[in-house]
Amino acid sequence: MNNQNTEKKSRAISNILLHLHPVAVNEESISFTRTFGLGGMAALLIVIQFITGILLRFYYEPFPQKAYDSILILHNNVLFGQLIRNIHHWSGVFLVLIVFLHLIRVFLTGAYQSPRQINWIIGLILFALVIFSNFTGYLLPWDQLAYWAVTVSTSILQYIPLAGNSLREFVISGTEVNAETLIVFYTFHTAVLPILLLLLMAYHFWRVRKSGGVIISRSNEPKKMVPTYPNLVYKEGVVALTLIAVILVFAVFFNAPLLERANPGFSLNPTKAPWYFAGIQELLMHFHPFFAGFLIPLALIVLIAFIPFFKHEEELTGMWFVSEKGKKSAKLSAVFAVAITIILVLLNEYLFNFEAILSWLSPVISNGIIPLLIVLAIIWGFSKYIRRKFKLSFTELVQSLFVLIVTSFVILTLINTFFRGINMQLTFPWNL
Ligand code: HEM
Ligand code: HEM
């Protein structure tokens, strides 16, 4: 009887899981180091956001006179209110980090190539939706941090040629962040974006299965298939429980930030964009806003979206880093990116302020075209060097340049977040 019950239960579990997984999977595809479970973690975090978000909605009121008070009530008068808010805050942060790492893992295992190229694009749109979800949520507490972070980030839109000002006014429903911005952000945050996320995620998962599951390295040996339950499902359980534990630890020990009530007449110093836009804010310290806020980000997004459609000479094998020399070159690119980014930031800050030195030129040239040409020349010189040193194929070179750019962006983000203090001057984190 007992045996029969257990069997029934396990059949019920497999029936549910088979909507997500096939009956059997390749043994290699479920090894932890193939995916690190990152896609699954992202999906779980989104579920956590949905559950905690719905709970927050019971108390939150999206009006400037009430929003801040509703957060205070949540903290002080609602059982576990602060904890729920903290969980929502931290899983939002982890979601961005984990989706970013998932993108890196997909890229470095070559899983962006055919037949997975559409999923690369869908993934990029999912990433954008995750960022917008975080950004629209950022405004909701209506404290000084929220108000001014949204004000500076949306002001970057102004530098888009021709349509910039109107676009900014459209996004914030006026000339400055106001009651209407709050209600529009709230509607996007709690209705529009969640629906889009759900639909696209379902499509993303379907495409993973359609492409024959997670990419595995190609070899002549016959592949060994193992039943999904329990082999994969148990591993997923361990990853999920560990992630939940980490989020809970953060939520218990570190509160989501809440400064004073928003005051449109008194700006914070420094006024920082939310951390996922800090890389762009740091670029703005070194380039003319048209370049930092528009041209460079747009060019990078387009290049990254088109990576699968470049004319790659070889079909990728699903091996990490394409090959051994690909790996060595990628490592060197990462180290170079760390060094050169720090050096250029320091030089520009303390020695070569082109806008001041070449004050007779238009800032578009002195602070835009000239520094951009310098950066492009450095990248060009470096790619020639590694191509010759490691005898790289085109695909390996693309990989190294991707690593170089992503690492630079991470360093810019860290500099802006931890090393910029009052008046956005460079300083040490302990002086912030
Ligand atoms: C991917 C999905 C989501 C992300 C990344 C996200 C992120 C965020 C962030 C960063 C905040 C600001 C929290 C803070 O003060 O630090 C926030 C607030 C909020 N979110 Fe979400 N959220 C998501 C989904 C949802 C959903 C589905 C709902 C409800 C249906 C929701 C409801 C709320 C509410 C009511 C607030 C205001 C309360 C507060 O600031 O703590 N969120 N969200
Ligand atoms: C909300 C965000 C996302 C979720 C929930 C998600 C979820 C998943 C899951 C569960 C898998 C299969 C297992 C794994 O690789 O861990 C997967 C695979 C994949 N994802 Fe994502 N993903 C997201 C964002 C992205 C992004 C930003 C990209 C890249 C731009 C991307 C591209 C892919 C590709 C190409 C595959 C197939 C990988 C392979 O066959 O090895 N995804 N995703």
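A few points on the structure. (Residues numbered from 1 in each chain as written. Chains lettered and ligands numbered in written order. Predicted model: local features only at pLDDT ≥ 70, side-chain atom pairs only at ≥ 80, totals over all residues. Heavy atoms only, no water.)

### As for the coordination of the iron atom of ligand 2
- At this site the iron atom of ligand 2 is bound by His 102 (NE2) and His 204 (NE2), with donor distances of 2.0 to 2.1 Å.
- In this structure His 102 comes out as buried when scored by relative accessible area, which is 19%.
- Exposure remark for His 204: the relative accessible area of 13% places this residue in the buried category. (Donors = N, O, S within 2.8 Å, 3.2 Å for Na, K, Ca; no water. Buried < 20%, exposed > 50% of the residue type's maximum accessible area, 1.4 Å probe, protein only.)

### With respect to the site of ligand 1
- Taken together, 21 residues lie around ligand 1, and Arg 85, His 88, His 89, Pro 141 and His 189 are the ones closest in.
- Between ligand 1 and the protein, one listed contact pairs a nitrogen atom with a side-chain N or O atom of His 88 at 2.8 Å.
- Between an oxygen atom of ligand 1 and a side-chain N or O atom of His 89, the distance comes to 2.7 Å.
- Within the residue set of the shell around ligand 1, elements represented by two or more residues are α3 (38–57), α5 (81–108), α6 (117–139) and α9 (179–210).
- For the shell around ligand 1, the per-class residue count stands at ten nonpolar, nine polar and two charged. (Near = heavy atom within 4 Å. Polar contact = N/O pair within 3.5 Å; in protein donor to acceptor, adjacent residues only side chain to side chain. Helix = DSSP H or I, 4+ residues; strand = E, 2+ residues; numbered from the N terminus. Nonpolar A, V, L, I, M, F, W, Y, C, P; charged D, E, K, R; others polar.)

### Focus on helix α12 (residues 289–306)
- A rise of 1.5 Å per residue sets the reference length of α12, with its 18 residues, at 26 Å; its end C-alpha atoms lie 25 Å apart and thus fit the reference within 8%.
- For α12, the set of buried residues is Pro 289, Phe 291, Ala 292, Gly 293, Phe 294, Ile 296, Pro 297 and Ala 305.
- As for α12, its buried residues are in contact with α6, α11 (278–284) and α15 (363–390). (Expected span 1.5 Å × (residues − 1). Contact = heavy atoms within 4.5 Å.)

### Remarks on the coordination of the iron atom of ligand 1
- Summarising the metal site, the iron atom of ligand 1 is bound by the protein donors His 88 (NE2) and His 189 (NE2), whose distances to it range over 1.9 to 2.0 Å.
- One can describe the site at the iron atom of ligand 1 as octahedral: its six donor atoms subtend angles covering 88 to 180 degrees at the metal. In this pair, His 88 is assigned in helix α5 and His 189 in helix α9, connecting sequence segments 101 residues apart.
- Judged by its relative accessible area of 16%, His 88 falls in the buried class. (Tetrahedral: all angles 85-135°; square planar, octahedral: opposite > 155°, others 65-115°.)

### Focus on the site of ligand 2
- What surrounds ligand 2 is a group of 27 residues, the closest being Gly 39, His 102, Arg 105, Arg 116 and His 204.
- Ile 215 places a polar main-chain atom, nitrogen or oxygen, 2.9 Å from an oxygen atom of ligand 2.
- Of all elements in the fold, only α3, α5, α6 and α9 reach the threshold of two or more residues within the shell around ligand 2.
- At seven residues, the largest contribution of residues to the shell around ligand 2 is made by α6.
- Partitioned by chemical class, the residues of the shell around ligand 2 number 17 nonpolar, eight polar and two charged.

### Comments concerning the packing of α15 against helix α16 (residues 394–418)
- As a packed pair, α15 and α16 sit with axes 11 Å apart at the nearest point and diverge in direction by 135 degrees. The pairing of α15 with α16 is recorded here as oblique in orientation. Here α15 and α16 pass one another in a crossing that is right-handed. For the pair α15 and α16, the contacting residues are Ile 379, Phe 382, Ser 383, Ile 386 and Arg 387 in the first and Phe 394, Leu 397, Ser 400, Leu 401 and Leu 404 in the second.
- Counted by class, the contact of α15 with α16 contains seven nonpolar, two polar and one charged residues. (Axes fitted to C-alpha atoms, helices over the stretch in contact; angles between N-to-C directions. Parallel < 35°, antiparallel > 145°, perpendicular 65-115°, else oblique. Left-handed = near helix turned anticlockwise from the far one by under 90°.)

### Things to note about the nonpolar core
- Grouped together as the largest cluster of nonpolar side chains are 64 residues, with contacts concentrated most on Leu 45 and Trp 142.
- Of all the secondary-structure elements, those providing two or more residues to this core are α3, α4 (64–77), α5, α6, α7 (144–155), α9, α10 (228–253) and α16.
- Excluding its chain neighbours within four sequence positions, the residues that come into contact with Trp 142 are Pro 64, Ala 67, Tyr 68, Tyr 147, Val 177, Asn 178, Leu 182, Arg 261 and Ala 262. (Core = buried A, V, L, I, M, F, W, Y, C linked by side-chain atoms within 4.5 Å.)

### As for α15
- Relative to the 40 Å expected for 28 residues at 1.5 Å per residue, α15 spans 39 Å between its end C-alpha atoms, a close match to the ideal helical length.
- Close packing links the buried residues of α15 with α12, α13 (324–350), α14 (354–357) and α16.
- Looking at the residues trailing α15, positive phi occurs at Lys 391, about 50 degrees.

### Brief notes about the packing of aromatic side chains
- Under the defined criterion, the tally for this structure stands at 27 aromatic pairs.
- Centre to centre, the rings of Phe 94 and Phe 250 are 5.2 Å apart; their planes meet at 75 degrees, and the pair counts as edge-to-face. Placement of the pair is Phe 94 in helix α5 and Phe 250 in helix α10, with a sequence separation of 156 residues.
- Classification of Phe 94 as buried rests on a relative accessible area of 15%.
- Residue class for Phe 250 comes out partly exposed when judged on its relative accessible area of 27%.
- Ring plane angle 40 degrees and centroid distance 6.2 Å describe the contact between Phe 107 and Trp 120, whose orientation is recorded as tilted. With Phe 107 in helix α5 and Trp 120 in helix α6, this pair connects stretches of sequence that are 13 residues apart.
- With relative accessibility at 2%, the residue Phe 107 sits in the buried group.
- An aromatic cluster of three or more residues is present, and its members are Phe 135, Phe 185, Trp 275, Tyr 276 and Phe 277. (Phe/Tyr/Trp six-rings, centres within 6.5 Å; stacked < 30°, edge-to-face > 60°.)

### Description of a nonpolar patch on the surface
- Residues Val 338, Ile 342, Ile 343, Leu 346, Leu 347, Tyr 350, Leu 351, Phe 352 and Ile 357 make up a contiguous nonpolar surface patch of roughly 810 Å² in combined accessible area.
- Considering each element in turn, the nonpolar patch owes the most residues, six residues, to α13.
- For Tyr 350, the position within the fold is in helix α13. (Patch = residues over 30% accessible without salt bridge, like charges linked within 9 Å, V, L, I, M, F, W, Y side chains within 5 Å. Areas by Shrake-Rupley, 256 points an atom, 1.4 Å probe, with all protein chains shown as cover. Salt bridge = Lys/Arg side-chain N within 4 Å of Asp/Glu carboxyl O.)

### Quick look at the side chain of Thr 271
- Relative to the helices and strands, Thr 271 is located in the loop between α10 and α11.
- At a separation of 2.5 Å, a polar atom in the side chain of Thr 271 contacts the main-chain carbonyl oxygen of Leu 268.
- Excluding its chain neighbours within four sequence positions, the residues that come into contact with Thr 271 are Trp 148, Val 152, Gln 281 and Met 424.

### A look at the environment of Phe 310
- Along the polypeptide, Phe 310 turns up in the loop between α12 and α13.
- C-alpha of Phe 310 to C-alpha of Thr 395: the two residues are 85 residues apart in sequence and 8.9 Å apart in space.
- What Phe 310 contacts, discounting residues up to four positions off in sequence, is Leu 303, Phe 394 and Val 398.

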